[in-house]
Amino acid sequence: MDSYETRITRAILDAYHGKLSRALVSDVLVVGAGPSGLMAAMHLAAKGRAVTMLEKRLTPGGGIWGGAMAMNEVVVQKEALEALEGIALRPHPAGEGLFVVDALALASSLCAKALERGVVILNLLVAEDLCLQEEQVVGVVANRTGLPGHLPVDPISFRAKAVLDATGHEAALVRMLHGRGLLKDHATPLGEGPMNAPEGEAFVVDRVEEVFPGLWVSGMSVAAVFGGPRMGPIFGGMLRSGRQAADLIDLSLALDARSS
Ligand code: 48F
């Protein structure tokens with residue numbers, strides 16, 4: 001008979017390994033659980049797609065938690081209110097088309113909604129490389145946060161029909177391709193431009209795209225890849241960018257399924 005402590009550990013192992021096993025192959029692999037990634041994952045799952053999310057930090061939520069200069073309030077504009085529908089939050093009007101939501105409530109609600117819709121979120125996993133097959137991104141290579149570069153421990157891989165780089169300012173996956181000289185000219189990672197909130201907010205929605213077969217960008221990664229303006233502590237564009245990525249990826253997968 002196992003001890004109480006052994007049974008606790010066994011319960012964790014069984015649950016986690018079941019989850020990890022399900023997550024290994026998905027329709028869409030979202031890397032980075034900030035506002036755009038969580039929003040994309042949530043919407044893709046609502047459309048019936050199997051979604052795995054990898055987040056290198058302990059806590060999903062990305063830049064939401066810190067609000068602005070660690071003041072944990074998040075501003076969204078009127079146009080983004082629709083994106084918040086169905087997420088249990090009451091944005092407070094702040095005048096002239098701006099609304100404020102509690103940053104902690106937003107981050108935790110997005111995580112809860114994504115999980116409720118069936119997204120598998122794996123934290124403390126860092127995407128350190130991409131899987132390529134016939135010039136198409138077909139997955140990522142990931143390791144435990146803290147291991148790469150420190151210890152000789154090999155990573156594991158996750159496969160998906162589409163991969164979304166939602167790693168924020170880092171645009172980590174796009175940079176990996178760029179580092180190997182595999183990107184087309186238009187998607188050269190430039191780093192984002194100086195602050196211009198209205199233009200930056202529109203840019204991260206309008207320029208969501210597949211930058212390489214199988215690899216999409218959303219949120220701040222869009223600005224980093226295409227040199228869009230930064231926008232500072234306003235989050236509506238991030239939420240809308242994630243939703244736009246979900247719509248475009250879903251459409252692209254539907255078209256692929258029809259043509260195969
Ligand atoms: O930075 P982040 O919140 O990106 P976002 O969704 O939103 C940007 C805003 O937070 C803010 C802003 C608002 O106007 O400009 O900056 O575009 O979330 C990115 C997440 O990706 C994780 C990182 O820890 C963060 O939680 N991440 C980054 N690189 C990796 C990664 C990686 N290689 N593997 C896994 N996770």
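Refer to the structure above for everything that follows.
These lines cover the structure that appears in this document, whether it is placed above or below. Only a predicted model underlies this, so the values are computations on that prediction, with no experimental measurement involved.

Definitions and limits used
- Residues numbered from 1 in each chain as written.
- Predicted model: local features only at pLDDT ≥ 70, side-chain atom pairs only at ≥ 80, totals over all residues.
- Heavy atoms only, no water.
- Near = heavy atom within 4 Å.
- Polar contact = N/O pair within 3.5 Å; in protein donor to acceptor, adjacent residues only side chain to side chain.
- Areas by Shrake-Rupley, 256 points an atom, 1.4 Å probe, with all protein chains shown as cover.
- Helix = DSSP H or I, 4+ residues; strand = E, 2+ residues; numbered from the N terminus.
- Core = buried A, V, L, I, M, F, W, Y, C linked by side-chain atoms within 4.5 Å.
- Buried < 20%, exposed > 50% of the residue type's maximum accessible area, 1.4 Å probe, protein only.
- Contact = heavy atoms within 4.5 Å.
- Axes fitted to C-alpha atoms, helices over the stretch in contact; angles between N-to-C directions.
- Parallel < 35°, antiparallel > 145°, perpendicular 65-115°, else oblique.
- Left-handed = near helix turned anticlockwise from the far one by under 90°.
- Nonpolar A, V, L, I, M, F, W, Y, C, P; charged D, E, K, R; others polar.

Focus on the site of the ligand
Part 1: Of all residues adjacent to the ligand, which total 28 residues, the nearest are Glu55, Gly63, Ala127, Met220 and Gly232.
Part 2: Here an oxygen atom of the ligand sits 2.6 Å away from a polar atom, N or O, in the side chain of Glu55.
Part 3: For the ligand, a nitrogen atom lies 3.3 Å from a polar atom in the side chain of Glu170.
Part 4: For the ligand, whose unbound accessible area comes to 730 Å², protein coverage reaches 93%.
Part 5: Looking at the shell around the ligand, the elements with two or more residues in it are α2 (35–46), β2 (51–55) and β7 (125–133).
Part 6: Broken down by element, the residue count for the shell around the ligand peaks at three residues, all from β7.

Notes on the nonpolar core
Part 1: Counting residues in each nonpolar core, the largest one holds 80 residues, and the members touching the most others are Leu110, Val140, Phe158, Leu173 and Leu215.
Part 2: Element by element, the count of residues in this core is highest for α2, at seven residues.
Part 3: Here Leu173 is in contact with Val31, Ala127, Leu130, Val140, Val163, Leu164, Asp165, Thr167 and Leu215, once residues within four sequence places are set aside.

Thoughts on unusual backbone geometry
Part 1: Of note, Glu96 is a non-glycine position whose phi angle comes to about 50 degrees, a positive value.
Part 2: Locating Glu96 in the fold gives a position in the loop between β4 (92–95) and β5 (98–102).
Part 3: Owing to a relative accessible area of 86%, Glu96 belongs among the exposed residues under this scheme.
Part 4: Here Leu124, not a glycine, exhibits a phi torsion of approximately 55 degrees, which is positive.
Part 5: Residue Leu124 is classed as partly exposed on the basis of its relative accessible area, which comes to 32%.

As for the packing of α2 against helix α8 (residues 236–259)
Part 1: At a minimum axis separation of 7 Å, α2 and α8 run at an interaxial angle of 40 degrees. With respect to α8, the element α2 is oriented oblique. Pair α2 / α8 crosses with right-handed handedness. On the side of α2, the interface is formed by Pro35, Ser36, Met39, Ala40, His43 and Leu44, while α8 contributes Met238, Leu239, Gly242, Arg243, Ala245, Ala246, Ile249 and Asp250.
Part 2: For the contact of α2 with α8, the per-class residue count stands at nine nonpolar, three polar and two charged.

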